[in-house]
Amino acid sequence: MRYLSPFTIGFKVILIAIAAFSIYRLCFLGFNFQSVPEHADHIAYLYYRSLLYGLNFDLVVTCYLIAPFVVFLFIRQITQQEFTKGFIFFKWYFILLFSICLLICAADIPYFKQFATHFNKAAFTWASSPGFMFKLIFSNFSYWGFLFLFLALVTFVYKRFSKLFSQIPKPEISIPKWKLTVVFLFLGLFTFIGMRGPTA
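Residues numbered from 1 in each chain as written. Predicted model: local features only at pLDDT ≥ 70, side-chain atom pairs only at ≥ 80, totals over all residues. Heavy atoms only, no water.

**Quick word on the pattern of salt bridges**
Pairing between side chains of opposite charge can happen when their charged atoms approach one another. Short version of the rule: A pairing counts as a salt bridge when a side-chain nitrogen of Lys or Arg comes within 4 Å of a carboxyl oxygen of Asp or Glu. Strands here are runs of E lasting at least two residues and helices are runs of H or I lasting at least four, both read from the DSSP assignment and numbered beginning at the N terminus. The buried label goes to any residue with under 20% of its type's maximum accessible area, the exposed label to any with over 50%, and the partly exposed label to all in between, with areas taken from a 1.4 Å probe on protein chains only.
Evaluated as defined, the whole model comprises one salt bridge. Ionic pairing is found between Asp 58 and Arg 25, a salt bridge with its closest N-O pair at 2.8 Å. Of this pair, Asp 58 sits in helix 2 (residues 43–79) while Arg 25 sits in helix 1 (residues 8–31), and the two are 33 residues apart along the sequence. The same class applies to Asp 58 and to Arg 25, which are both buried.

Following this line, the structure appears as structure tokens:
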């Protein structure tokens, strides 16, 4: 576990992201509960599969976003430089990009309710109707709650990432570079597999 210590902050980023996405998944399931056929067979299994596929997708997104940070941590450890400004950059990098992801997640809940499909690239054809998604959410007062869901999730990730990056750990000096390289390659492989998502 000592060899993983330089990358511990990366694992914590993943946990924060998955926690935020899991809250969204539960809210999505609760709001679109009626979309499940009333007499569907193995309904518990359907819920399980839906949440599992959602988790797989969330891991794909998270691995894409965290990949540059893993490379940064490796370079930092190899060079034995603290790179304080790099940590500040990645703090806001994660806050901004995960906020965008959570905005799409919040919009996906009423979008699915209205169109029976998830938010996809077709919804991004805003050239012909730039305010479409905003009108979809705000024209119906019952959808305003998703704005509060978005704000709550953004507040959560902001506070978590601010606390996580408030104390920048110093590079470990007792880990041989070749062992660190092996660990990095292992984590790189794990990240690559996560980026590919489920193969079946």
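On we go from here.
**Notes on empty space enclosed by the protein**
Selection rule: Only protein atoms enter the 1 Å grid used here. Points where a 1.4 Å probe fits but cannot escape make up a cavity, open sets with protein on both sides within 12 Å along at least five of seven lines make up a pocket, and a residue lines them when an atom lies within 4 Å of a point. Grid points are joined across faces, edges and corners, and a volume is the space filled by probe spheres set on the points.
Under the definition given, this model contains one cavity of 30 Å³ or more. The calculated volume of the largest cavity comes to roughly 110 Å³. Taken together, Phe 7, Gly 10, Phe 11, Ile 14, Cys 63, Ile 66, Val 70, Leu 73, Leu 187, Phe 190 and Thr 191 form the lining of the largest cavity. Put simply, the parts of the chain that give the lining of the largest cavity at least two residues each are helix 1, helix 2 and helix 6 (177–196). With four residues, the top contributor of residues to the lining of the largest cavity is helix 2.

**Observations concerning the side chain of Asp 108**
The test is simple: Working convention for charge: Lys and Arg count positive, Asp and Glu count negative, and His plus the chain ends are omitted. What qualifies as a polar contact is a pair of N or O atoms within 3.5 Å, subject to a donor-acceptor requirement within protein and to the restriction that residues adjacent in sequence count only when both atoms come from side chains.
Within the secondary structure layout, Asp 108 lies in helix 3 (residues 84–115). Buried within the structure, Asp 108 lacks any salt-bridge partner; Arg 25 is the closest side chain of opposite charge, at an N-O distance of 5.6 Å. A polar contact is formed between the side chain of Asp 108 and the side chain of Tyr 24, at a distance of 2.6 Å.

**With respect to the packing of aromatic side chains**
What counts, and what does not: Within 6.5 Å between ring centres, the rings of Phe, Tyr and Trp (the latter by its six-membered ring) count as paired, and their orientation is classed by plane angle as stacked under 30 degrees, edge-to-face over 60, tilted in between.
In the structure shown here, the tally under the stated rule is 22 aromatic pairs. Here the aromatic rings of Phe 72 and Phe 87 are separated by 5.4 Å at their centres, their planes lie at 75 degrees, and the arrangement is edge-to-face. Of the two residues, Phe 72 sits in helix 2 while Phe 87 sits in helix 3, which places them 15 residues apart along the sequence. Summarising the burial analysis for this pair, Phe 72 and Phe 87 share the class buried. Measuring from centroid to centroid gives 5.1 Å for Tyr 93 and Phe 94, while their planes differ by 70 degrees, and the two rings are edge-to-face. Members of the aromatic cluster, joined through ring pairs, are Phe 21, Phe 69, Phe 72, Phe 83, Phe 87, Phe 89, Phe 90, Tyr 93, Phe 94, Phe 98, Phe 161 and Phe 165.

**Notes on the packing of helix 1 against helix 5 (residues 144–164)**
The condition that has to hold: Axis lines are fitted through C-alpha atoms, for helices just across the contact stretch, and the angle between N-to-C directions can take any value from 0 to 180 degrees. The labels follow the angle: roughly parallel below 35 degrees, roughly antiparallel above 145, roughly perpendicular from 65 to 115, and oblique for the rest. Handedness of each helix crossing follows the sense of rotation of the near helix against the far helix: counterclockwise by less than a right angle gives left-handed, clockwise gives right-handed. Should any heavy atoms of two residues lie within 4.5 Å, those residues are considered in contact. Residue classes follow a fixed rule: Ala, Val, Leu, Ile, Met, Phe, Trp, Tyr, Cys and Pro count as nonpolar, while Asp, Glu, Lys and Arg count as charged, and any other residue, Gly among them, counts as polar.
The contact between helix 1 and helix 5 brings their axes to 10 Å, and the two run at 165 degrees. One element, helix 1, and the other, helix 5, form an angle in the roughly antiparallel class. Between helix 1 and helix 5 the crossing geometry is right-handed. In this structure, helix 1 uses Ile 9, Lys 12, Val 13, Ile 16, Ala 19, Ala 20, Ile 23, Tyr 24, Cys 27 and Phe 31 to contact helix 5, whose residues at the interface are Phe 146, Leu 149, Leu 153, Phe 156, Val 157, Arg 160, Phe 161 and Leu 164. In terms of residue class, the contact of helix 1 with helix 5 is made up of 16 nonpolar, no polar and two charged.

**Considering the environment of Leu 96**
Structurally, Leu 96 is set in helix 3. The class of Leu 96 is exposed, set by a relative accessible area of 51%. Along the chain, Leu 96 and Val 154 lie 58 residues apart, while their C-alpha atoms are 9.2 Å from each other.

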